[in-house]
Amino acid sequence: MASGEVFDTNKKSLSVPKVNLLTMFRLGLFQMGLSMMSILTLGVLNRVMIQEIAIPATLVSVVLALPLFVAPSRVWFGQISDAKPLWGYHRTAYVWVGAAIFAIAAFLAVQVMWQMNLAGNSAGTWVWTTQTIGWTALLALVFAVYGLGICASGTAFAALLVDISEEDNRSKVVGVVWSMLMVGIIVGAIISASLLKQLTPEATVETLQPAINRLFTIVPAIVFGLAIAATFGVEKKYSQYLTRSTLVNREDSITLGNAWKILTASPQTGIFFTFLLVMTISLFMQDPILEPYAGQVFKMPLAESTKLNIFYGTGLLIAYGVTGFYIVPRLGKRRTARLGCMLVAFCTILLGISGFTANAAVLKLGLFFFGLAAGFLTTAAISLMLDLTAAEAAGTFIGAWGLAQSLSRGVAVVIGGTVFDIGRKFLPSLELAYGLVFVLEAVGMVLSIWFLNRVNITEFQTSTKQAIASVLESDLD
């Protein structure tokens, strides 16, 4: 094909059927599996390591955040899946290989965790020795590999969604697939709770080990099966990758240097990036300490604390369904996001206060409202994010926003565990130590409103269009 020739997209597009609703739901099984894996790591392992094994919460939060800190690898995995098909597929094979890697890594992480317990709790309390340092380093490596598997699989899957959709049905594809993410939270919590229901709050590590091993054998196997079921045959039947990959002047012809010029053309990009950072950190700071909070303050058994995600996930699902259709069109995106920040701040304070009641019903109600507020906020923030994305460089901006969210979520996990350790050391009660984390989340939400108020969509669009035009003109010279 000559350098100036354009592929006949109309002819090719007619030969590729549009993805139907049943296939959209089938694709959603992959996202459902990812959220089930998240329940295992941030809903089960965090509690076992912090409460039952008594590993310092700071260390636990750093290790659990590693899968988020390897997020920059998504850019590389995306480029590889574009350029180098694996077993004849640009996306599907990468999804399957990545899923196999993170499923195996999850099981191995648990086995390393038991070895850490043997090495670090020989004196009845956690102690640092050469052995514990070695096992901790190995656990960190396993979680990094787990994160790389998630990145490889998730990036290829997201690219597959782009390949099989068009502008007129892409929002439907994304809406259906991402709603299954919330279903996975609920299903994962139910499966985990049912497999751990025989455990009491006084269960010893020796009692926990076979139950946790069984959980981390069954669920990763189910998730790997869901990844295959979700994507089998989809790329071959629906993908329009060939059509798009042969067009000239594509977005991916923009060099890294030019992409940086476009990203930094408007100060609004940096302001919104900072808003996403602060908002996401404040939204997820409770991730590493929620289940230990339920166990230590509310005396919930492991299975019961895992089921807390059902209340949170139900709130999210309701908010996702209502906010996008009814609230954002009426209030506007920025006003909805501002109100969402306020609601999340209020709900985090409610979660902190619930500890002083020691009433599990109050905690569950608080989590349901927190899920509603979080869904309210994230729906508005995503809608605002799309307004702050130039169509001519969509991948560049979505990559930047995605990187902000991944890194800030990792930072949130580390901050949550570290703040709790500090509070436990200097404050007189566990309720106050956990409450310190929730109060800090509320403060962060108020701060995120300050950045949100400085976002100017019109200024962003004007500056960015000028930068893109300048880049394209320089390429033609």
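Everything numeric here is computed off the predicted structure, so don't read it as measured data.

### Some words on the overall build of the protein chain
What the protein chain contains, in helices and strands, is 20 helices and 0 strands. Expressed as a percentage of the 477 residues in the protein chain, the buried residues total 52%. Sequence-distant contacts in the protein chain: of pairs separated by 6 or more residues, those separated by 24 or more amount to 84%.

### What about the packing of helix 2 (residues 21-52) against helix 3 (residues 57-69)?
Helix 3 packs onto helix 2 with a crossing angle of 150° between their chain directions and a minimal axis gap of 10 Å. Classified by the interaxial angle, the pair formed by helix 2 and helix 3 is roughly antiparallel. Taken as a pair, helix 2 and helix 3 cross one another with a handedness that is right-handed. In this structure, helix 2 uses Thr 41, Leu 42, Asn 46, Met 49 and Ile 50 to contact helix 3, whose residues at the interface are Ala 57, Val 60 and Leu 64. Looking at side-chain class alone, the contact of helix 2 with helix 3 contains 6 nonpolar, 2 polar and no charged residues.

### Things to note about the pattern of salt bridges
Within the structure shown, the criterion is met by 4 salt bridges. Taking the shortest distance from any N to any O, the salt bridge between Glu 304 and Lys 307 comes out at 3.7 Å. Residue Glu 304 pairs with Lys 364 through a salt bridge whose shortest N-O separation is 2.8 Å. Taken together, the residues span a long stretch of sequence, with Glu 304 in helix 14 (residues 302-306) and Lys 364 in helix 17 (residues 360-387) at a distance of 60 residues.

### Description of the nonpolar core
If you look at the biggest cluster of nonpolar residues, it comprises 117 residues, and the most contacted ones within it are Trp 114, Ile 212, Phe 216 and Leu 363. Top element by residues in this core is helix 2. It accounts for 14 residues. A domain split of this core shows at least three residues from each of domain 1 (19-242) and domain 2 (254-476). Apart from residues lying up to four places away in sequence, Trp 114 is in contact with Val 48, Ile 53, Val 205, Leu 208, Gln 209, Ile 212 and Asn 213.

### Regarding helix 12 (residues 267-284)
Its 18 residues give helix 12 an end-to-end C-alpha distance of 26 Å, which sits within 8% of 26 Å, the value for a rise of 1.5 Å per residue. When we look at burial in helix 12, the residues that qualify are Gln 268, Thr 269, Phe 272, Phe 275, Leu 276, Val 278, Met 279, Thr 280, Ile 281, Ser 282, Leu 283 and Phe 284.

### Focus on the packing of helix 3 against helix 6 (residues 130-164)
Between helix 3 and helix 6, the shortest axis-to-axis distance is 6 Å and the interhelical angle comes to 30°. Here helix 3 lies roughly parallel to helix 6, going by the angle between them. Judged by residue contacts, Leu 59, Val 63, Leu 64, Leu 66 and Pro 67 of helix 3 engage Thr 136, Leu 139, Ala 140, Phe 143, Ala 144, Tyr 146 and Gly 147 from helix 6.

### As for the environment of Met 180
In this structure, Met 180 sits in helix 7 (residues 170-195). Looking at Met 180, the relative accessible area reads 12%, which means it is buried. Separated by 153 residues in the primary sequence, Met 180 and Leu 27 have C-alpha atoms spaced 9.0 Å apart. In contact with Met 180, not counting residues within four places along its chain, are Phe 25, Gly 28, Leu 29, Gln 31, Met 32 and Ser 35.

### Notes on the packing of aromatic side chains
Counted by the stated rule, this structure contains 12 aromatic pairs. Considering the side-chain rings of Phe 420 and Tyr 434, the 4.2 Å spacing of their centres and the 25° angle between planes classify their relative orientation as stacked. Here Phe 420 is found in helix 18 (residues 394-426), whereas its partner Tyr 434 is found in helix 19 (residues 430-452), with 14 residues between them in sequence. Given the relative accessible area of 0%, Phe 420 is considered buried. Lying across the ring of Trp 450, Arg 454 places its NZ or CZ 3.8 Å from the centre.

### What to know about the side chain of Asn 213
Looking at where Asn 213 falls in the secondary structure, it is placed in helix 8 (residues 205-231). Of the residues examined, Asn 213 reaches a relative accessible area of 17% and is grouped as buried. In this structure the side chain of Asn 213 is engaged in a polar contact, spanning 2.9 Å, whose partner is the side chain of Trp 114. Ignoring any residue separated from it by four or fewer positions in sequence, one finds Asn 213 in contact with Phe 107, Val 110, Gln 111 and Trp 114.

### Brief notes about unusual backbone geometry
With a phi close to 60°, Lys 299 is a non-glycine residue in the positive phi region. With respect to the helices and strands, Lys 299 occurs in the loop between helix 13 (290-296) and helix 14. Look at Ala 358: it is not a glycine, yet its phi comes out positive at around 55°. Within the fold, Ala 358 resides in the loop between helix 16 (333-357) and helix 17.

So, how was this worked out
Residues numbered from 1 in each chain as written. Predicted model: local features only at pLDDT ≥ 70, side-chain atom pairs only at ≥ 80, totals over all residues. Heavy atoms only, no water. Helix = DSSP H or I, 4+ residues; strand = E, 2+ residues; numbered from the N terminus. Buried < 20%, exposed > 50% of the residue type's maximum accessible area, 1.4 Å probe, protein only. Contact = heavy atoms within 4.5 Å. Axes fitted to C-alpha atoms, helices over the stretch in contact; angles between N-to-C directions. Parallel < 35°, antiparallel > 145°, perpendicular 65-115°, else oblique. Left-handed = near helix turned anticlockwise from the far one by under 90°. Nonpolar A, V, L, I, M, F, W, Y, C, P; charged D, E, K, R; others polar. Salt bridge = Lys/Arg side-chain N within 4 Å of Asp/Glu carboxyl O. Core = buried A, V, L, I, M, F, W, Y, C linked by side-chain atoms within 4.5 Å. Domains from an automatic or database assignment. Expected span 1.5 Å × (residues − 1). Phe/Tyr/Trp six-rings, centres within 6.5 Å; stacked < 30°, edge-to-face > 60°. Lys NZ or Arg CZ within 6 Å of the ring centre and 35° of its normal. Polar contact = N/O pair within 3.5 Å; in protein donor to acceptor, adjacent residues only side chain to side chain.

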